[in-house]
Amino acid sequence: MEWLDTVIQGVLIGGLYALFATGLSLIFGVMRLVNIAHGDLIVLAAYLALVAVDATGIHPLLALLIVVPLMFGVGYALQRGLLNFTLGGDILPPLLVTFGISIIIQNALLEIFSPDSRRLQAAGLETASIHLGGGLAVGTFPLIIFLAALAIIGLMQLLFYRTKLGRAFRATSDDQETARLMGIDNRHLFALAMAVALAVVAVASVFLAVYTNFDPTIGPGRLLYAFEAVIVGGLGSLWGTLAGGVILGVAQSIGAKIDPGWQILAGHLAFLAVLVLRPQGLFPRMAS
Amino acid sequence: MTALPQAYRVERGTRLSRLGALGGAGLLALLVAMPWIGDSSDMRIIGEIAYYLALAQMWNLLAGYAGLVSVGQQAFVGLGAYALFVFAAVLGVPPLPALLLAALAAAVIAIPTAFVVFRLRGAYFAIGTWVVAEVYRLLFAQTSSLGGGSGMSLPAAIVRSIGESRAEREMVVYWVALAIGVAAVALVYLLLRSRHGLALTAIRDSEVASESLGVDNFKTKLSIYVAAAFGTGLAGALIYLQKLRISPDAAFNIGWTADIIFIVVIGGIGTIEGPILGVLVFFVLRELLADYGTWYMIVLGAVAVAVMLKAPQGAWGLVAERFDLHFFPVQRRLRLGEKAAGTRQAPTQKEVTS
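Just so you know, these numbers come straight off a predicted model, no measurement behind them.

Caption draft 1: Spotlight on the overall build of chain A. The helix and strand inventory of chain A stands at 11 helices and 2 strands. Reading the helices (α) and strands (β) of chain A from amino to carboxyl end gives α-α-α-α-β-β-α-α-α-α-α-α-α. At 19 Å, chain A has a C-alpha radius of gyration in line with the 19 Å of a compact globule built from 288 residues. Across the 288 residues in chain A, those meeting the buried criterion constitute 54%. Contacts in chain A between residues at least 24 apart in sequence constitute 75% of all its contacts with a sequence separation of at least 6.

Caption draft 2: Just the overall build of chain B, in detail. Scanning chain B from N- to C-terminus turns up 16 helices and 5 strands. Projecting the C-alpha coordinates of chain B onto the three principal axes gives extents of approximately 80 × 50 × 40 Å. Buried positions account for 42% of the 354 residues belonging to chain B. Restricting the contact set of chain B to residue pairs at least 6 apart, pairs at least 24 apart contribute 74%.

Caption draft 3: Quick peek at the nonpolar core. In terms of nonpolar packing, the biggest core is built from 214 residues, with A:A49, A:A193, B:L84 and B:L238 touching the most fellow members. For this core, the element with the most residues is helix 8 (residues 186-211) of chain A, which contributes 22 residues. Those residues in contact with B:L238, other than ones at most four positions away along the chain, are B:Y51, B:L99, B:V173, B:V176, B:A177 and B:I180.

Caption draft 4: Up close: the confidence of the model for chain B. All names here are of chain B. Confidence in the prediction for chain B averages 87 pLDDT; 92% of positions are at 70 or higher. Per-element confidence in chain B ranges from a low mean pLDDT of 42 for strand 5 (residues 350-353) to a high of 97 for helix 5 (residues 95-117). Throughout residues 340-354 the model reports pLDDT below 50, and contacts reaching past four residues in sequence, or to other chains, amount to 21 contacts.

Caption draft 5: Molecular detail of the interface of chain B and chain A. Each partner contributes to the interface: chain B provides 32 residues, whereas chain A provides 32 residues. Breaking the side of chain B that touches chain A down by element, the ones donating at least two residues are helix 6 (122-142), helix 13 (254-267) and helix 15 (294-310) of chain B. Ranked by residues supplied to the side of chain B that touches chain A, first place goes to helix 6 of chain B with 12 residues.

Caption draft 6: Representation of the packing of helix 3 (residues 60-81) of chain A against helix 8 of chain A in the model. All names here are of chain A. Contact pair helix 3 / helix 8: the axes reach a minimum separation of 7 Å and the direction vectors enclose 150 degrees. The pairing of helix 3 with helix 8 is recorded here as roughly antiparallel in orientation. Every pair of crossing elements has a handedness; the one defined by helix 3 and helix 8 is right-handed. The residue inventory of the contact of helix 3 with helix 8, partitioned by class, reads 25 nonpolar, 3 polar and 2 charged.

Caption draft 7: Region of interest: the pairing of strand 1 (residues 129-133) of chain A. Residue and element names in this part refer to chain A. Burial analysis of strand 1 places just 0 of its 5 residues in the buried class, which makes it a mostly uncovered element. In the sheet, strand 1 pairs with strand 2 (residues 136-139) via 4 bridges, with the strands oriented antiparallel. Looking at the pairing, G133 lines up with L136 of strand 2. Connecting strand 1 to the next strand, strand 2, in antiparallel fashion are 2 residues, including G134 with a positive phi near 65 degrees.

Caption draft 8: Looking closely at the environment of B:Y82. All names here are of chain B. As for its position among the elements, Y82 is in helix 4 (residues 74-90). C-alpha separation for the pair Y82 and V159, spaced 77 residues apart in sequence, amounts to 16 Å. Those residues in contact with Y82 that lie beyond four places of it in its chain are F140, L146, I246 and A251.

Caption draft 9: The arrangement of helix 6 (residues 164-174) of chain A in detail. Residues and elements named next belong to chain A. Listed in full, the buried residues belonging to helix 6 are A168, F169 and T172. Buried residues along helix 6 cover an arc of 100 degrees about the axis, so they all sit on one side. Buried residues belonging to helix 6 abut helix 1 (2-31), helix 5 (140-162), helix 7 (176-181) and helix 8.

Caption draft 10: Layout of unusual backbone geometry. All names here are of chain A. In this structure, S114 is a non-glycine residue whose phi angle is positive, near 65 degrees. Inspection of the secondary structure assignment puts S114 in the loop between helix 4 (92-113) and strand 1. With 11 C-beta atoms packed within 10 Å, S114 lands in the exposed category.

Caption draft 11: Molecular detail of the packing of helix 13 of chain B against helix 16 (residues 314-323) of chain B. All names here are of chain B. In contact at an axis separation of 3 Å, helix 13 and helix 16 are set at 15 degrees when each is read in the N-to-C sense. With respect to each other, helix 13 and helix 16 are oriented roughly parallel. Between helix 13 and helix 16, the contacting residues are V265, I266 and G267 on the first element and G314, A315 and W316 on the second. Per-class residue counts for the contact of helix 13 with helix 16 are 4 nonpolar, 2 polar and no charged.

Caption draft 12: Highlighting the environment of B:V176. Residue and element names in this part refer to chain B. The residue V176 is located in helix 8 (residues 166-193) in this model. Its 22 C-beta neighbours within 10 Å are what place V176 among the buried residues. Residues V176 and S40 lie 136 residues apart in sequence; the distance between their C-alpha atoms is 15 Å. In contact with V176, other than residues within four places in its own chain, are L99 and L238.

Caption draft 13: Main features of the environment of B:A110. Residues and elements named next belong to chain B. Positionally, A110 belongs in helix 5. Note on A110: 23 C-beta atoms within 10 Å, which makes it buried. Distance from A110 to Y225, taken between C-alpha atoms, is 7.3 Å for residues 115 residues apart in sequence. Contacts of A110, omitting those with residues within four sequence positions, involve F76, Y225, V226 and A229.

Conventions used here
Residues numbered from 1 in each chain as written. Chains lettered and ligands numbered in written order. Predicted model: local features only at pLDDT ≥ 70, side-chain atom pairs only at ≥ 80, totals over all residues. Helix = DSSP H or I, 4+ residues; strand = E, 2+ residues; numbered from the N terminus. Rg over C-alpha atoms; globule rule 2.2 N^0.38 Å. Buried ≥ 20, exposed ≤ 12 C-beta atoms within 10 Å, placed from the backbone. Contact = placed C-beta atoms within 7 Å. Core = buried A, V, L, I, M, F, W, Y, C linked by C-beta atoms within 7 Å. pLDDT = per-residue confidence, 0-100. Axes fitted to C-alpha atoms, helices over the stretch in contact; angles between N-to-C directions. Parallel < 35°, antiparallel > 145°, perpendicular 65-115°, else oblique. Left-handed = near helix turned anticlockwise from the far one by under 90°. Nonpolar A, V, L, I, M, F, W, Y, C, P; charged D, E, K, R; others polar. Pairing = 2+ DSSP bridges. Arc of directions from axis to C-beta.

Shown next, in the form of structure tokens:
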């Protein structure tokens, strides 16, 4: 029973990792950009939520209404104003520029908010739980996170396969040059992709900020979880990314159960095992 | 004069590179004599510059020549450093041989590591190397015999075996640092002038083309990765021989790689001169801004971003372009229509390979 409980917790928190990973996967898919600042943008959004909650006293989940559009704007501006200029064949410029941005965000947050760890209070929501009978209980909030992850990934799936914008994303992903010939404005489209990615990140950030303590230095760790979920799930598959996040969450949760020091290590080792045994990931997108 | 055949010759050295070699030898003699002419703070900063230079050259070899952009080189700083502590403090090997053994250990561990991270390409390789570095950090944090998360210190007896007095220890560490810095530059230079260097740049420019011309891409990359691990591990071991105290969070800190990347990017990636210039700029900035803590890091990040966007060839690239300067000529240049050796202005020059 105790182990079942551990696994369930892992699955639910895997939803959060999948949300981190969705943004990373989206921008890689559309413009082949690996954003090293991804984790720091997650933390930035968490601090934006903190400021919004502190300033207005609203419930953290209502802060989503402020943080999500804000991060959408940040994403658009960041891509249009900076990252678009790094794209074009060579992998070094995007990698090193996002690495620089990562350092800038991290230190700016340290300067403004100090290294103290913070957390959003959600009026008892974070400790509430639902009893399933037989001694099993799941946290209400982790359940909300997981259901939100399902809903958002479902929405992203719809966006990708049922809308004009999604078609443009997929066309650009398949063949940038031809997509441009068909009248797609790359610069605008890339900026929209980053905007959508960071809007998803914003949701994940608010959940993170309620679920656990955060401080300016935790960004790189979140980047690694997101990256691992993408690779474990298989590139190009959103549901695969969810599975990747869940596997990571379960591995960490089982690791933590064995020894608290093994929590993060167990996640990394699960990732490396998948990389060695099945480098294409567990659910790669079928060749079309 | 008919157009062809023209007089031509293949040139490797330049007059400047020969002059530079002379100047370099003079500078080196001065640096070696530093313990007698400078004070211990000069020695500390020059020693630090020397091992940062070694770290930067190793990363430059990976990212600038082999196309292996790693953000996980702190793995080998930490592995070299911990291996030193194991050899010296646990197994009782004298410190200087222990340095070499530690570097060797880092290189040996790099082999299985490569088989895992080489499954990832390009930018994914970069983040993969970071994950691996985290794995090593967490593993050492779990190893209680090495002090676990809080780390350990070198026992006093070992410290004394480096040198009896503090001044003597500083001198030994300084000379070793200098030797590592010079050896790293020499290694990269000689490697790039060899046929392996040619294979390397071919891989960086096009993996498919180099493979089809008979270059064994995997083997070449693996050997570079392992060589860089050796150099990085050696520098890491020396750094912690100087610090005398180690912890997983410090030794496996991403900050090592961040500093290295900054040095190479600002100086000029894919050149030997670049990291040398970069390390000097880095230390000047550090001395000027060190008191500002986070602002210093923000400035470094912003400078790196600006350089990457506006002048991706780096500071040395700008100099080399403007003045055709090469202190470490690794190119073969075909000079057309020149009979006299060593004339510098050459509008007809063609670079055959770079």
